[in-house]
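Listed here are the chains, written in short residue letters.
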Amino acid sequence: GGASLLLLDCRPHELFESSHIETAINLAIPGLMLRRLRKGNLPIRSIIPNHADKERFATRCKAATVLLYDEATAEWQPEPGAPASVLGLLLQKLRDDGCQAYYLQGGFNKFQTEYSEHCETNVDSSSSPSSSPPTSVLGLGGLRISSDCSDGESDRELPSSATESDGSPVPSSQPAFPVQILPYLYLGCAKDSTNLDVLGKYGIKYILNVTPNLPNAFEHGGEFTYKQIPISDHWSQNLSQFFPEAISFIGRCCVLGRGVWVHQGVCRTLGGAPA
């Protein structure tokens, strides 16, 4: 009954790319967005990366039966006080929004074993015993940003022992910054955005400042082009409203072949790509 069924795949993006149930929409949620989704200020539609899938979800989520699946959940029961899984959180939010939502018992593993003819598999993405483990989207799955700077706010939700959205510990080793996200696109901290040697080393000419109050250090010199988006580091901030503006700035610079530096002023754990 594909016409009356809307499938949502709650697994990490690389697993979805490797193999998924046909017609499914992927909902891979970074840890930061998971917290905002839990607080209720982030609609599910905003975390669907593909525009066509976003529209398909918006037009069908209330009319169709929504079926979610993860890797292997056999039974889910909401328990007061227990940390919600991604599957459980999405299931509850969909039901609260008036959707007729269910989950697939046994998850993708069980379904693929019994109905492989209804699964789409990307041979190039499938892992083999000799291949290295799949990396997270854009290679930022375990990224943890460390900075001396602060914009005066904190998330106030970070646990004493940081974990990824799937409950696994975040690696304790800190990567060197800046981190290259894509060709010409770098993620760094506010402190390094004022270091001319660092900016020159990476060919940075455009700087996206995503803080409400940190200055654009070289704005009046004419050498750098700035875009400042006043995003507060708080769960109540709706990040999705700023995506088009930020993506437009980054895209324009990358087309020109210029280095772009994205910086914020606070310590933050990212469970996935920042945009």
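Heads up: the structure comes first, above all this text.
Residues numbered from 1 in each chain as written. Predicted model: local features only at pLDDT ≥ 70, side-chain atom pairs only at ≥ 80, totals over all residues. Heavy atoms only, no water.

1. Topic: helix α5 (residues 107–114)
Looking only at α5, the buried set comprises Gly-107, Phe-108 and Phe-111. Along the axis of α5, the buried positions cluster into a sector of 105 degrees, meaning they face one direction only. The inward-facing, buried residues of α5 abut β2 (19–21), β4 (65–69) and β6 (119–121). (Buried < 20%, exposed > 50% of the residue type's maximum accessible area, 1.4 Å probe, protein only. Helix = DSSP H or I, 4+ residues; strand = E, 2+ residues; numbered from the N terminus. Arc of directions from axis to C-beta. Contact = heavy atoms within 4.5 Å.)

2. As for the pattern of salt bridges
The final tally for this structure, using the stated rule, is seven salt bridges. Across the pair Glu-71 and Arg-11 runs a salt bridge whose closest N-O atoms are separated by 3.4 Å. Of this pair, Glu-71 sits in the loop between β4 and α4 (86–96) while Arg-11 sits in the loop between β1 (5–9) and α1 (13–18), and the two are 60 residues apart along the sequence. Using a relative accessible area of 29% as the deciding quantity, one classes Glu-71 as partly exposed. Where Glu-114 meets Lys-110, a salt bridge forms, and the shortest distance between an N and an O atom there is 3.0 Å. In this pair, Glu-114 and Lys-110 are both assigned in helix α5, four residues apart and thus about one turn of the helix distant. One salt-bridge network, held together by shared partners, links Asp-9, Arg-11 and Glu-71. (Salt bridge = Lys/Arg side-chain N within 4 Å of Asp/Glu carboxyl O.)

3. Looking at the pairing of β4
Of all five residues making up β4, four are buried, and the element is well covered by its neighbours. Across five bridges, the pairing between β1 and β4 is parallel. Residue pairing across strands places Asp-9 opposite Tyr-69, the latter belonging to β4. Direction of pairing for β4 relative to strand β5 (residues 100–103): parallel, over a ladder of four bridges. Looking at β5, one finds that Leu-68 is bridged to Tyr-103. (Pairing = 2+ DSSP bridges.)

4. Structural notes on the nonpolar core
Residues Phe-57, Leu-68, Leu-90 and Leu-94 are the most contacted members of the largest nonpolar core, which totals 45 residues. The greatest single-element share of this core, amounting to six residues, is contributed by α4. When residues of this core are assigned to domains, at least three map to each of domain 1 (3–119) and domain 2 (177–262). Beyond its immediate sequence surroundings of up to four residues, Leu-90 is in contact with Cys-10, Leu-27, Ile-29, Leu-37, Ile-44 and Leu-68. (Core = buried A, V, L, I, M, F, W, Y, C linked by side-chain atoms within 4.5 Å. Domains from an automatic or database assignment.)

5. Topic: the environment of Asp-53
Of note, Asp-53 is situated in helix α3 (residues 51–60). Its relative accessible area of 18% is what places Asp-53 among the buried residues. Sequence-wise, Asp-53 and Thr-23 are 30 residues apart; in three dimensions their C-alpha atoms are separated by 9.6 Å. Apart from the residues lying within four places of it in its own chain, the contact partners of Asp-53 are Ile-25 and Ile-48. A polar contact of 3.2 Å, which involves the side chain of Asp-53, links it to the side chain of Arg-56. (Polar contact = N/O pair within 3.5 Å; in protein donor to acceptor, adjacent residues only side chain to side chain.)

6. Describing the environment of Tyr-102
The topology assignment puts Tyr-102 in strand β5. When the C-alpha atoms of Tyr-102 and Thr-65 are compared, they prove to be 7.8 Å apart, with 37 residues separating the residues in sequence. Excluding residues that lie within four positions of it along the chain, Tyr-102 makes contacts with Thr-65, Val-66, Leu-67, Leu-68, Leu-91 and Arg-95.

7. Notes on the pairing of β1
With four of five residues buried, β1 is to be regarded as a mostly interior element. Summarising the sheet, β1 and strand β3 (residues 25–26) pair through two bridges and their orientation is parallel. Bridging from a neighbouring strand, Asp-9 pairs with Asn-26 of β3.

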